[in-house]
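# Structural overview for review
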Amino acid sequence: MIACTNLSVSKKEFSILNHVNINIPDRSFYTILGPNGSGKTTLLKCICGLNQEYSGTIKINKEDAKTFDEEKLSKNITWIPEHLNIPFEYTALELTVLGRFPWHQGHPKMIDYEKAIEALAILDLQKKQNQSIQSMSSGEQKKTLLARALASEAEIIILDEPLANLDLAAAKKVCNIFRKLSEEGKTIVASLHDLSLTYRFATHCAFLKAGILVSSGVKESVFVANNIENTYEVNVETVYDSNGLPHLIY
Amino acid sequence: MTHPYIKRNKTTTRNAILLSSIICIISFILAISFGSSSSNLADLFQYILSDTTAHSNESAPLILMTIRIPRALLAGLCGAALAAAGVISQGLFRNPLASPTILGTSSGATLTAAVVFYLGTANNHWLTIPIAAFFGAIFSTSFVFNLAKKTVNWDIEHLLLTGVALSSLFGALTSLIISLSLEDYQKTAATMHWMLGGFSARGWEHIKIAIFPFIIGLILTFKLSGPLNVLVFGEEVAKNLSVNIAQLRKKSILAISLLVGTSVSVAGALPFIGLVIPHITRKLVGPEQKRLLLISALNGASITILADLIARTIRSPLEFEVGILTSLLGAPFFLWIILSRKPLI
């Protein structure tokens, strides 16, 4: 359980996050939605301890996140940023094994390779595991970097725009994997731009606009036309299909 | 039971290490076999095996023991140290172009050592110059690092330009010091001779200076290679993977400065060894830091021993400075790397 209370971040005189209260329950696939510059990345960075300059509190399993040391943080939370610039020609497998550094401290064992190979296989990269990341397409690179999340033993996985650069099928597959991981006991927090995939796979979501939380909670209660209109400033129409299920058109 | 991947990985690594070691040993044997006087290994063995009074060529073993062996050893040590420093700086700066020459580490070390020469304190203690060079190296590397850190994404232009600016500044200051000491002919000659670098007139006393800093520096670099691997993800992810970035930075700069400072203090700058060797080795064995470090150190040793051999035999009995040779070969290589760089993700 991650509980952010009165979370505020400002850089110089600009307010990036403004008194955000958000509760992320265990075993959820929690998506953070909002327009560009709404503070999604900052919120995620605060949760995983990379941005310590906030006011308010973040509690992870009822403990104040600021009291966590590096090792404890790294074993509890895995952070997958949106962009990564890998300057050398590491192979997909080498990189995924490196992602398990908190557990092997630079001396990877059998289990580390097994978990990494398994993670790459889940993302259909088993044939590319010995290929250098620089020779891959941007979608494959993205999947390679996501494999780290699957190989990790951390209970909480935080991802910034994990679907960027992925095609429709891959994006759907990745969302499906996240949902499954959350059902298996992990907590997945991801910022997304794809509303329909969120609606289909997420368990919870939150709408952020200009650093202010518009609405948050269980997907079914938050995902309503009103919230989307307020967040993105677009007109939304609700239609009902033959089964009586609501669909939002925007 | 080990995973087949680990096994395969270990076998290739072992083969690469074996090959590099053999090349290194061959270079060493070649280096002590050729020179302006015709003495070779056979003479040495004959000297060791035979009765000391009985052999015909008195000077041959003496040349080997007092000149060629320490000289080749020192060349190997300096080459290994510079290559290792190159591997660490490329890892720390996350940039395949970072190296002691490009970052101004060597010129910083040269400047402080030249100051010590000028002040005449060099004769006081055999550790004076190495210590001065170490501090020069540490200053210039931290300076470039702190400037590079301020720029977004560590872009290569900033890094290179900072290194170039710093190198020219240090170069100019070093020239200033030499011109100040021109009146004292002996002092100028000593400074110039040392600055041009190379291994002529280097003997066991120089190995005595260099051996411990090199060993400490190399051990430190091996310890850093685990976290430096993680740094390939960038500082934020490395931090999330429990790497203590501040400590890694400090220790890396310390190791680089120890290796480069010591090498500069005994043999001058030897430009481009720290750039070219890690670069080629990475192409051959991949970027994994530990493997890259070990094999680069061996290759650095071989190349420097061979470069020194060429420098002293090509117009024997005269020699030219090995630093000139490494520049002549290294600078075009550096240009080639810049021109053939692929855009990154």
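An account of the accompanying structure is given in this report. (Residues numbered from 1 in each chain as written. Chains lettered and ligands numbered in written order. Predicted model: local features only at pLDDT ≥ 70, side-chain atom pairs only at ≥ 80, totals over all residues.)

### Remarks on the overall build of chain B
Counting its secondary structure elements, chain B contains 14 helices and zero strands. N-terminal to C-terminal, the α/β element order of chain B is α-α-α-α-α-α-α-α-α-α-α-α-α-α. Taken across its 345 residues, chain B has 50% of its residues classed as buried. For chain B, the share of sequence-separated contacts (at least 6 apart) that also reach a separation of at least 24 residues comes to 77%. (Helix = DSSP H or I, 4+ residues; strand = E, 2+ residues; numbered from the N terminus. Buried ≥ 20, exposed ≤ 12 C-beta atoms within 10 Å, placed from the backbone. Contact = placed C-beta atoms within 7 Å.)

### Let's talk about the sheet that holds strand β10 (residues 212-218) of chain A
In a beta sheet, neighbouring strands pair by backbone hydrogen bonds and run either parallel or antiparallel. Residues and elements named next belong to chain A. The strand order across the open sheet built from six strands is β6-β7-β8-β3-β9-β10, with neighbouring strands paired in mixed fashion. Of all the strands in the sheet, just β6 (77-80) and β10 have a single pairing partner and so form its edges. Between one strand and the next, the sheet's axes are offset by a mean angle of 15 degrees, whatever the strand orientation. Examined bridge by bridge, strand β3 (residues 29-33) and strand β8 (residues 187-192) share five bridges and lie parallel to one another. Across the sheet, Phe-29 pairs through a bridge with Ile-188, a residue of β8. Strand contacts of helix α1 (residues 40-47): β3, β7 (156-160), β8 and β9 (204-209), with the helix running at about 155 degrees to β8, the strand carrying the most contacts. (Pairing = 2+ DSSP bridges. Axes fitted to C-alpha atoms, helices over the stretch in contact; angles between N-to-C directions.)

### Side note on the nonpolar core
One finds Ile-158 of chain A together with Ala-84 and Leu-259 of chain B to be the most contacted residues of the largest nonpolar core, which totals 167 residues. No other element matches the 17 residues that helix α3 (residues 59-92) of chain B contributes to this core. Those residues within four positions of Ala-84 of chain B in sequence are excluded, and the remaining contacts are Leu-218, Thr-221, Leu-259, Leu-293, Ser-296 and Ala-297 of chain B. (Core = buried A, V, L, I, M, F, W, Y, C linked by C-beta atoms within 7 Å.)

### Structural notes on the packing of helix α12 (residues 273-285) of chain B against helix α13 (residues 289-313) of chain B
Residue and element names in this part refer to chain B. Relative to each other, α12 and α13 sit at 125 degrees, their axes nearing to 9 Å. Put simply, α12 runs oblique to α13. The interaxial crossing formed by α12 with α13 has right-handed handedness. Contacts between α12 and α13 pair Ile-273, Ile-277, Pro-278, Thr-281, Arg-282 and Val-285 from the former with Arg-291, Leu-292, Ile-295, Ser-296, Asn-299, Gly-300, Ile-303 and Thr-304 from the latter. A breakdown of the residues in the contact of α12 with α13 according to their chemical character gives seven nonpolar, five polar and two charged. (Parallel < 35°, antiparallel > 145°, perpendicular 65-115°, else oblique. Left-handed = near helix turned anticlockwise from the far one by under 90°. Nonpolar A, V, L, I, M, F, W, Y, C, P; charged D, E, K, R; others polar.)

### Section: the pairing of β7 of chain A
Residue and element names in this part refer to chain A. Counted residue by residue, β7 has five buried out of five residues, so it is predominantly covered. Side-chain alternation along β7 places Ile-156, Ile-158 and Asp-160 on one buried face and Ile-157 and Leu-159 on a second face that is also buried. Where β6 meets β7, four bridges bridge the pair, whose relative direction is parallel. Looking at β7, one finds that Thr-78 is bridged to Ile-157. Looking at chain direction, β7 and β8 are connected through five bridges and run parallel. Bridging from a neighbouring strand, Leu-159 pairs with Ala-190 of β8. Assessed by its sense of winding, the connection that carries the chain from β7 through helix α7 (residues 168-183) to β8 is right-handed. (Right-handed = clockwise from strand over helix to strand, strands pointing away.)

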